[in-house]
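Report on the structure
Residues per chain are reported as follows:
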Amino acid sequence: EMPDSLEILENYAFYYCDNLASFIVNSNNEYYSNDEYGVLFNKDKTTLVQYPIGRTSTNYMIPDGVVTIGECAFIANVKLTSIIIPESVKTIDSYAFCCTCLTNLLIPDSVITIGSSAFYDCTNLENITIGNNVTTIGDDAFAECDSITQVIIPESVTTIGDGAFRYCDSLTSIIIDSNNQYYSSDEYGVLFNKDKTTLIQ
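To start, this report covers the structure provided alongside it. (Residues numbered from 1 in each chain as written. Predicted model: local features only at pLDDT ≥ 70, side-chain atom pairs only at ≥ 80, totals over all residues. Heavy atoms only, no water.)

Now for the overall build of the protein chain. For the protein chain, the count of helices and strands is zero helices and 16 strands. Principal-axis analysis of the C-alpha atoms gives the protein chain an extent of 55 × 25 × 25 Å. Buried positions account for 47% of the 201 residues belonging to the protein chain. Excluding contacts between residues fewer than 6 apart, the proportion of contacts in the protein chain whose partners are at least 24 apart in sequence is 26%. Each charge class in the protein chain can be summarised by its mean position, and for the 8 positive and 27 negative side chains these summaries are 4 Å apart. (Helix = DSSP H or I, 4+ residues; strand = E, 2+ residues; numbered from the N terminus. Buried < 20%, exposed > 50% of the residue type's maximum accessible area, 1.4 Å probe, protein only. Contact = heavy atoms within 4.5 Å. Lys, Arg positive; Asp, Glu negative; His and termini not counted. Charge placed at Lys NZ, Arg CZ, Asp CG, Glu CD.)

This paragraph deals with empty space enclosed by the protein. For the structure shown, the criterion picks out one cavity of 30 Å³ or more. In this structure, the largest cavity spans a volume of roughly 90 Å³. Around the largest cavity, the lining residues are Leu 9, Glu 10, Asn 11, Tyr 12, Ala 13, Phe 14, Tyr 15, Val 49, Gln 50, Glu 71, Cys 72 and Ile 75. A per-class count over the lining of the largest cavity returns eight nonpolar, two polar and two charged. (1 Å grid on protein atoms, 1.4 Å probe; cavity = no way out; pocket = protein on both sides within 12 Å on 5 of 7 lines; lining within 4 Å. Points joined across faces, edges and corners; volume = space filled by probe spheres on them. Nonpolar A, V, L, I, M, F, W, Y, C, P; charged D, E, K, R; others polar.)

A few words now on the side chain of Ser 173. By secondary structure assignment, the location of Ser 173 is in strand β14 (residues 173–176). Among the polar contacts made by the side chain of Ser 173, one reaches the side chain of Gln 150 at a distance of 3.4 Å. Excluding its chain neighbours within four sequence positions, the residues that come into contact with Ser 173 are Thr 149, Gln 150, Val 151, Tyr 188 and Gly 189. (Polar contact = N/O pair within 3.5 Å; in protein donor to acceptor, adjacent residues only side chain to side chain.)

Counting 47 residues, the largest nonpolar core has Phe 74, Ile 92, Phe 97, Ile 114, Phe 119 and Phe 142 as its most contacted members. Listing elements by their share of this core, those giving two or more residues are β12 (150–153) and β14. Each residue touching Ile 114, except ones within four places of it in the same chain, is listed here: Ile 92, Ile 107, Phe 119, Ile 130, Val 134, Thr 136, Ile 137, Gly 138, Ala 141 and Phe 142. With eight residues, the next largest nonpolar core counts Met 2, Phe 23, Val 25 and Val 49 among its residues. (Core = buried A, V, L, I, M, F, W, Y, C linked by side-chain atoms within 4.5 Å.)

Our next topic: the pairing of strand β3 (residues 47–50). Summarising the sheet, strand β2 (residues 40–42) and β3 pair through two bridges and their orientation is antiparallel. Counterpart to Leu 40 in the pairing with β3 is Gln 50. The turn linking β2 back onto β3 is made up of four residues, and Lys 45 within it adopts a positive phi angle of 60°. Relative to strand β5 (residues 68–69), β3 runs parallel, the two being bridged by two bridges. Residue pairing in the sheet places Thr 47 in a bridge with Thr 68 of β5. (Pairing = 2+ DSSP bridges.)

Note that side chains of opposite charge can pair when their charged atoms are close. This structure, assessed with the given rule, holds one salt bridge. In this structure, Arg 166 and Asp 140 form a salt bridge, with 3.0 Å as the shortest nitrogen-oxygen distance. With Arg 166 in the loop between β13 (159–160) and β14 and Asp 140 in the loop between β11 (136–137) and β12, the pair connects residues that are 26 residues apart, well separated along the chain. Taking relative accessible area as the criterion, Arg 166 reaches 29% and is therefore assigned partly exposed. Assessed through its relative accessible area of 19%, Asp 140 is described here as buried. (Salt bridge = Lys/Arg side-chain N within 4 Å of Asp/Glu carboxyl O.)

Laid out in structure tokens, this is it:
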């Protein structure tokens, strides 16, 4: 239970608290709040701060109105296989989804930024759909996602960070929208810069 006085909760504060099933925030707290499932948010629920990894549910629908999925929000969760992201979300922060049981994910068109290591080590993630307005895919964003076989990069992407698909052992092709002005791919699914003078991955 979070007291009225709490102002700052650092990342990893409840890292690997395997039995933590809910956060309860006193209604008088000026900085944080929780939903009916015990998920921790900032006060106006525009940022999802942390999902309690001890909660036994296998699915979660992020509430509409959330703009940012915070750093480490779902890190170390081993139960969630399905997470629905609403069209209100614009930013997925670093290490937001480092959860090994997640199998499929739709990143909606509202999302602009996928942070560094956002999906790092999501080893069971088989299908990922990247929304049509994403501009930035951070360093190591999908690194060690061992089950992904294909990634389609939309026209909107301007930056793909170093090692974005590093150690994706099942990845056979990266497909770039032909209208993308910064990147391209060949018939083998190899990722290049636009004029194919640099082989990226």
